[in-house]
Amino acid sequence: MKHILNTFLLIVLFTACKPTSMVITSKKENLTKSEKRKNIRLIEQIVDTATENIGVKYKYGGTTKSGFDCSGLTYTIFNSYNIPLPHSSYEQSKVGVIVNRDPEHAKKGDLIFFKTNGKSQINHVGMVIEVTDDEIKFIHSSTSKGVIISSTKEPYYQRTFVQLNRIL
């Protein structure tokens, strides 16, 4: 009897523990026209909100207009629209659907990730705000200039760009 009770408790324990992070493994592509329009409007609002922060200084761990770090900017913007993201560029790189890095696959509102510290782990994030044939423009918080718009055509970002994630 004691063995059955212990087994039952183990089953309850393991079934009660579930991951709390939001990881999307596939993207629903069959949206109605109305859903697509709502999604486009939401992305525009998110981008507008992000660009309102241009010029805000960099602050390590920052999530307010007094200062943002790179992941704090994306965390704050998306959370203001009830879209939860973790507050770490590496953890954010695990959310959403990874899409092809080519500009033709990037869309406004995607998160763009970089490895800027010479290591193998993602450590910088921005948000795509414009895409042309061969260029992705993104907003991010740089340590030296605060919240700015940069481009994948800039040699530094061209060299360190590693991933795009679609959140919406």
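None of these values were measured; they are calculated from a predicted model.

J.: I would appreciate a short explanation of the overall build of the protein in the present structure.
T.: If you tally the helices and strands in the protein, you get five helices and eight strands. Beginning at the N terminus, the succession of helices and strands in the protein can be written as α-α-β-β-α-α-β-β-β-β-β-α-β. Among the 168 residues that make up the protein, the fraction classed as buried is 39%. In the protein, 54% of the contacts between residues at least 6 apart in sequence involve partners at least 24 apart.

J.: Which parts of the structure should I look at to understand a positive patch on the surface?
T.: On the surface, a cluster of positive charge is contributed by Lys33, Lys36, Arg37, Lys38, Arg41 and Lys107. Along the chain, Lys107 turns up in the loop between strand S3 (97-99) and strand S4 (111-114). With relative accessibility at 47%, the residue Lys107 sits in the partly exposed group.

J.: I keep staring at the sheet that holds strand S6 (residues 135-142) and nothing clicks. Help me out?
T.: Two pairing modes exist for strands in a sheet, parallel and antiparallel, and in both the strands are linked by backbone hydrogen bonds. Strand order in this open sheet of six strands is S3-S8-S4-S5-S6-S7, and the pairing throughout is antiparallel. Strand pairing shows two members of the sheet lacking a second neighbour, S3 and strand S7 (146-151), which therefore form its edges. On average, each strand axis in the sheet is tilted by 35° relative to the strand beside it, whichever way the strands run. The pairing of S4 with strand S8 (residues 161-166) spans four bridges and is classified as antiparallel. Its bridge partner being in S8, Ile112 is matched across the sheet by Leu164.

J.: I tried to follow the packing of aromatic side chains on my own but got confused; where do I start?
T.: When we look at a pair of aromatic rings, we describe it by the centre distance and by the angle of the planes. Applying the stated criterion across every chain, the model contains five aromatic pairs. With a centroid separation of 5.9 Å and 50° between ring planes, the pair formed by Phe114 and Phe161 is classed as tilted. Here Phe114 is found in strand S4, whereas its partner Phe161 is found in strand S8, with 47 residues between them in sequence. Ring geometry for Tyr156 against Tyr157: centres 5.0 Å apart, planes inclined by 80°, an arrangement best described as edge-to-face. Taking the relative accessible area as the measure of exposure, Tyr156 reaches 35% and is therefore partly exposed. Ring-pair connections join several aromatic residues into one group, and the members of that group are Phe114, Phe138, Tyr156, Tyr157 and Phe161. Just above the ring of Phe161 sits the side chain of Arg101; from NZ or CZ to the centre is 4.6 Å.

J.: Help me understand unusual backbone geometry, please; the structure alone is not making it clear to me.
T.: Negative phi is the rule for most residues except glycine; trans is the rule for most peptide bonds. The phi torsion at Asn82 lies on the positive side, around 60°, for a residue other than glycine. With respect to the element layout, Asn82 can be found in the loop between helix H3 (70-79) and helix H4 (89-92). The class for Asn82 is exposed, based on a relative accessible area of 72%.

J.: Just checking my understanding: could you explain H3 for this structure?
T.: Because an α-helix packs 3.6 residues into every turn, residues spaced three or four apart end up facing the same way. Counting buried positions over the 10 residues of H3 gives seven, a clear majority of the element. Every buried residue of H3 is accounted for by Cys70, Ser71, Gly72, Leu73, Thr74, Ile77 and Phe78.

J.: Explain the environment of Val131 to me, please; I cannot follow it from the model alone.
T.: Inspection of the secondary structure puts Val131 in strand S5 (residues 124-132). With relative accessibility at 31%, the residue Val131 sits in the partly exposed group. Val131 sits 28 residues away from Pro103 along the chain, and the two C-alpha atoms are 6.4 Å apart. Filtering out sequence-adjacent residues up to four positions away, Val131 remains in contact with Pro103, Ala106, Lys107 and Lys108.

J.: So what exactly am I meant to see when it comes to the pattern of salt bridges here?
T.: When the charged atoms of two side chains with opposite charge come close together, those side chains can pair. In total, this model carries four salt bridges according to the counting rule given. Linking Arg166 and Asp110 is a salt bridge whose minimum nitrogen-to-oxygen distance equals 2.7 Å. Of the two residues, Arg166 sits in strand S8 while Asp110 sits in the loop between S3 and S4, which places them 56 residues apart along the sequence. The two residues Arg166 and Asp110 agree in class, both being buried.

What counts and how
Residues numbered from 1 in each chain as written. Predicted model: local features only at pLDDT ≥ 70, side-chain atom pairs only at ≥ 80, totals over all residues. Heavy atoms only, no water. Helix = DSSP H or I, 4+ residues; strand = E, 2+ residues; numbered from the N terminus. Buried < 20%, exposed > 50% of the residue type's maximum accessible area, 1.4 Å probe, protein only. Contact = heavy atoms within 4.5 Å. Patch = residues over 30% accessible without salt bridge, like charges linked within 9 Å, V, L, I, M, F, W, Y side chains within 5 Å. Areas by Shrake-Rupley, 256 points an atom, 1.4 Å probe, with all protein chains shown as cover. Salt bridge = Lys/Arg side-chain N within 4 Å of Asp/Glu carboxyl O. Lys, Arg positive; Asp, Glu negative; His and termini not counted. Charge placed at Lys NZ, Arg CZ, Asp CG, Glu CD. Pairing = 2+ DSSP bridges. Axes fitted to C-alpha atoms, helices over the stretch in contact; angles between N-to-C directions. Phe/Tyr/Trp six-rings, centres within 6.5 Å; stacked < 30°, edge-to-face > 60°. Lys NZ or Arg CZ within 6 Å of the ring centre and 35° of its normal.

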